[in-house]
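Residue-level structural notes
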Amino acid sequence: MNDDPIPISLVANYMFCPRRAWLESVGERVDSAQMSQGFYDHRKVDRSRGPSADDEGDYQAINIRHEEWGVSGRLDAAKLTDDGVIIREYKATPVKREMIVTDAMRTQLALQAACLEDMGYRVARTEIFFTTHHRNVEVELTPEDYAEAQAAVEETRLLITSDTAPEPLEDSPRCMKCSHVGICLPEERRLKPVDRRVMVASPDNQVTHLATPGAKAFSRAGRMIVFKDGQELASIPIDTIQGLQVHGNTDLSSGLIRELMWRGIPILWCSGTGRLYGWAMSTYGPNGLQRAEQHVASQEGRLGLAREFVVAKVHNQSVLLRRSDRGNPVLEQLRGIEKTVGNANRWQDVLGLEGEAASLYFSQFACLIKSDRREHWPWNGRTRRPALDELNSLLDYAYALLLSDCIRALISCGLDPHAGFLHSSKRNKPALALDLMEEFRAPVADSVVQTVVNNGEVRSDGFTRALGSVRMKDGTRKSLIGAYERRLNTELTHPIFGYKASWRRIIEIQARMILGYLDGTQSAYRGIRVR
């Protein structure tokens, strides 16, 4: 008897692609939209119930197990007949695709039948119901199917107990049909342009911001309802929420928090001035072993990662500055620093050069603002919290939003936001999230601030002053959040891989590139460099 049985679905995934099975074994899950589609396809069979008077002998969602083989699973549907049990598995097929019973499907049915027979039942028939076509296909299993299924169990067991991940497939048509391609990134591991585009199940899923002081959000019938003073402000399907960010004094019900945790949707809380207080995430996350190895690597140091974060940051700062002022005198200095960082051999040198570049860049930050608006937007240099002027207040908040997205991206692939390679973790900062956001500061956060000021989306009178510090009014904060979300949802051609993706998706891709570098499936890490 095996005390830790292997899920049948994991073995079926192994037959489809070993790396997909490995991703499942370490806890990687597809995004919430794909999970919702899976719930939809199995909506009939996920209601565990006994036979009704109308459907005598029909069962759904039945747990099964094979003691000797050490596998367990769940039947979508089963029907008791005089000849034995009829097993039915539900599968979705893309539109215009044929109803093809794959080897993985045959293996899954063979394992299900073997489990039932081991439990003392006779299997009369196995079949696949293709939900897209609404057609049923009978599958006749052979002794070879059972032998291959048992062998696949042993091979899967060896795979998931291995210390290293299997190599991604190369130029395989299976990747085009795989729901895990967006987290596996098989072609991107080579850090070269790829011919296909990473497809996300539902690009409409977004981070939801709760920014109305005094509002309360709770869950009801699969939706997040937001109320204030007895009036409904919003009703949002939870299936469309990729992450939830709470700003200032906004309350969440325990039921809503529990629902989001069950779905693996992270929640982040920040103050009304944009300081990130913390986040909540599901207990069960992916890549537990890789996360432990990340801490070891963080302690040992990975100079290659630290260099790339800074090189990409300095490059993007010089590009943003050049777009507004081609003749700016610090551009040549920034380019020189970028080249020097790439050859630095000490972590301390990388930090020193990063600080020098930041000083040069922010000394010219006023050049990003249109000349006819600079009078109302004074700039005396970058100051840390509390913000001493309106532009610094906007930058602080934009950086907090960007930090939140970097944390969400790292959590989604199972990395610990605290164990970094450029920033220190000694003061309990989310060091890796701060590392990752470096290359996105200029093209995302700084660009958003430049846009809202130059386009007049925020006004200099949309701030308040308290004890020498400057804070945004509620309307200004919401305008900045709206502009930030538009920026994150803007698609561009990925500078490395050549396909279109939104900025938010690119942040997650880069997080997965860090993971690939740390788990050894990728030779190096390359930061985002805009043109």
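A brief look at the structure comes next. For clarity, every value in this text was computed on a predicted model and none was experimentally measured.

A rise of 1.5 Å per residue sets the reference length of helix 15 (residues 441–454), with its 14 residues, at 20 Å; its end C-alpha atoms lie 18 Å apart and thus fit the reference within 8%. Along its length, helix 15 shows its largest kink, about 35°, at S447. For helix 15, a buried count of 13 out of 14 residues is recorded, marking the element as mostly surrounded by other parts of the structure.

Moving on to the pattern of salt bridges. By the definition in use, this model includes 28 salt bridges. The salt bridge partner of E308 is R529, with a shortest N-O separation of 3.0 Å. Linking E308 in helix 10 (residues 303–324) with R529 in the segment after helix 17 (503–519), this pair joins segments that are 221 residues apart in sequence. An identical accessibility class is assigned to E308 and R529; each is buried. Between R459 and D461 there is a salt bridge, with the nearest N and O atoms lying 3.4 Å from each other. Of the residues examined, R459 reaches a relative accessible area of 56% and is grouped as exposed. Owing to a relative accessible area of 46%, D461 belongs among the partly exposed residues under this scheme. In this structure, a network of salt bridges that share partners links the residues E28, R505, E508 and R512.

What follows deals with the packing of aromatic side chains. Taken as a whole, this structure holds 11 aromatic pairs when the rule is applied. For the ring pair F440 and W503, a centre distance of 6.0 Å and an interplane angle of 85° mean the geometry is edge-to-face. Highlighted residues: F440 in the loop between helix 14 (431–437) and helix 15 and W503 in helix 17, separated in sequence by 63 residues. Taken individually, F440 and W503 each receive the classification buried, so the pair is uniform in this respect. On the basis of an interplanar angle of 25° and a centroid distance of 6.0 Å, the ring pair of F497 and Y499 is categorised as stacked. The two residues F497 and Y499 agree in class, both being buried. Connected via pairs of aromatic rings, a cluster forms that spans Y361, F362, F365 and W379. Directly above the aromatic system of F16 lies the positively charged group of R20, at a separation of 5.3 Å from the ring centroid.

A word on the sheet that holds strand 9 (residues 223–228). Taken together, the four strands give an open sheet; going across it, the order is 10-9-8-12, and neighbouring strands pair in mixed fashion. With one partner strand each, in any of the chains shown, strand 10 (231–237) and strand 12 (251–252) form the two edges of the open sheet. In this structure, strand 8 (residues 216–220) lies alongside strand 9, joined through five bridges in antiparallel fashion. Paired with A217 across the strands is V226, a residue of strand 9.

As for its placement among the helices and strands, N287 is situated in the loop between strand 14 (276–280) and helix 9 (288–300). Accessibility expressed as a relative area gives 1% for N287, which makes it buried. Polar contacts involving the side chain of N287 include one to the side chain of E28, which spans 2.8 Å. Other than its neighbours up to four places away in sequence, N287 contacts W22, V26, E28, C413, G414 and L515.

Here the focus is the nonpolar core. Among the nonpolar cores identified, the biggest contains 92 residues, and L394, L402, L436 and F440 are the most heavily contacted of them. It is helix 13 (residues 390–412) that contributes the most residues to this core, 14 residues altogether. With 36 residues, the next largest nonpolar core counts I6, V71, L75 and V85 among its residues.

For the rest of this paragraph, the subject is the packing of helix 10 against helix 12 (residues 347–363). One can describe the packing of helix 10 onto helix 12 by two numbers: an axis separation of 10 Å at closest approach and a directional angle of 15°. The pairing of helix 10 with helix 12 is recorded here as roughly parallel in orientation. The interaxial crossing formed by helix 10 with helix 12 has left-handed handedness. Residue-level inspection shows L303, A306, R307, V310, K313, V314, Q317 and L320 of helix 10 in contact with helix 12, the latter providing W347, V350, E354, A357 and Y361. Tallied by class, the residues present in the contact of helix 10 with helix 12 amount to nine nonpolar, one polar and three charged.

Right, let's talk about the environment of A217 for a bit. Topologically, A217 is positioned in strand 8. A217 gets classed as buried once you look at its relative accessible area, which sits at 0%. Not counting residues up to four positions away in its chain, the partners in contact with A217 are L210, M224, I225, V226, D251, L252, S253 and L256.

Direction vectors running N to C along helix 1 (residues 8–16) and helix 4 (residues 103–118) enclose 150°, while the axes themselves pass 8 Å from each other. Here helix 1 lies roughly antiparallel to helix 4, going by the angle between them. Between helix 1 and helix 4 the crossing geometry is right-handed. Where helix 1 approaches helix 4, its residues I8, V11, A12, M15 and F16 are matched on the opposing element by A104, T107, Q108, L111, Q112 and C115. Broken down by class, the residue content of the contact of helix 1 with helix 4 amounts to eight nonpolar, three polar and no charged.

Criteria and thresholds
Throughout this description, residue numbers start from 1 for each chain and increase along the sequence as written. A pLDDT threshold of at least 70 governs which residues receive local features in this predicted model, and a stricter bar of 80 or more applies before side-chain atom pairs are shown or counted, although totals over entire chains, interfaces and linings include all residues. Think of the side-chain values as coming from all heavy atoms in the structure, minus any hydrogens and water. Helix and strand assignments come from DSSP, with helices taken as H or I runs of at least 4 residues and strands as E runs of at least 2, each series counted from the N terminus. Multiplying 1.5 Å by the helix residue count minus one yields the expected span of that helix. We define the bend at any residue as the angle between the axes fitted to the seven residues before and including it, ending there, and the seven starting there. When a residue's accessible area, from a 1.4 Å probe over protein chains only, is under 20% of the maximum for its type it is buried; when over 50% it is exposed; and in between it is partly exposed. The salt bridge criterion pairs a side-chain nitrogen of Lys or Arg with a carboxyl oxygen of Asp or Glu, the two atoms within 4 Å. Aromatic pairing here means that ring centres of Phe, Tyr or Trp (its six-membered ring) are within 6.5 Å. Orientation follows from the plane angle: under 30 degrees is stacked, over 60 is edge-to-face, and everything else is tilted. Should the NZ of a Lys or the CZ of an Arg lie within 6 Å of a ring centre and within 35 degrees of the ring normal, that charge is described as sitting over the ring. The rule for pairing is simple: two strands pair if DSSP sees at least two bridges between them. The definition of a polar contact used here is a pair of N or O atoms within 3.5 Å, where within protein one atom must be able to donate a hydrogen and the other to accept one, and adjacent residues in sequence count solely through side-chain atom pairs. Every residue pair with non-hydrogen atoms within 4.5 Å of one another is taken to be in contact. Residue types Ala, Val, Leu, Ile, Met, Phe, Trp, Tyr and Cys, when buried and joined through side-chain atoms within 4.5 Å, form a set referred to as a nonpolar core. With axes taken as lines fitted to C-alpha atoms, and helix axes fitted only over the stretch in contact, angles between N-to-C directions fall between 0 and 180 degrees. Each angle is binned into one of four classes, with values under 35 degrees roughly parallel, values over 145 roughly antiparallel, values of 65 to 115 roughly perpendicular, and all other values oblique. Put simply, a crossing is left-handed when the front helix is turned counterclockwise from the back one by less than a right angle, and right-handed when it is turned clockwise. Residue classes follow a fixed rule: Ala, Val, Leu, Ile, Met, Phe, Trp, Tyr, Cys and Pro count as nonpolar, while Asp, Glu, Lys and Arg count as charged, and any other residue, Gly among them, counts as polar.

Keep in mind these values describe shape, not function.
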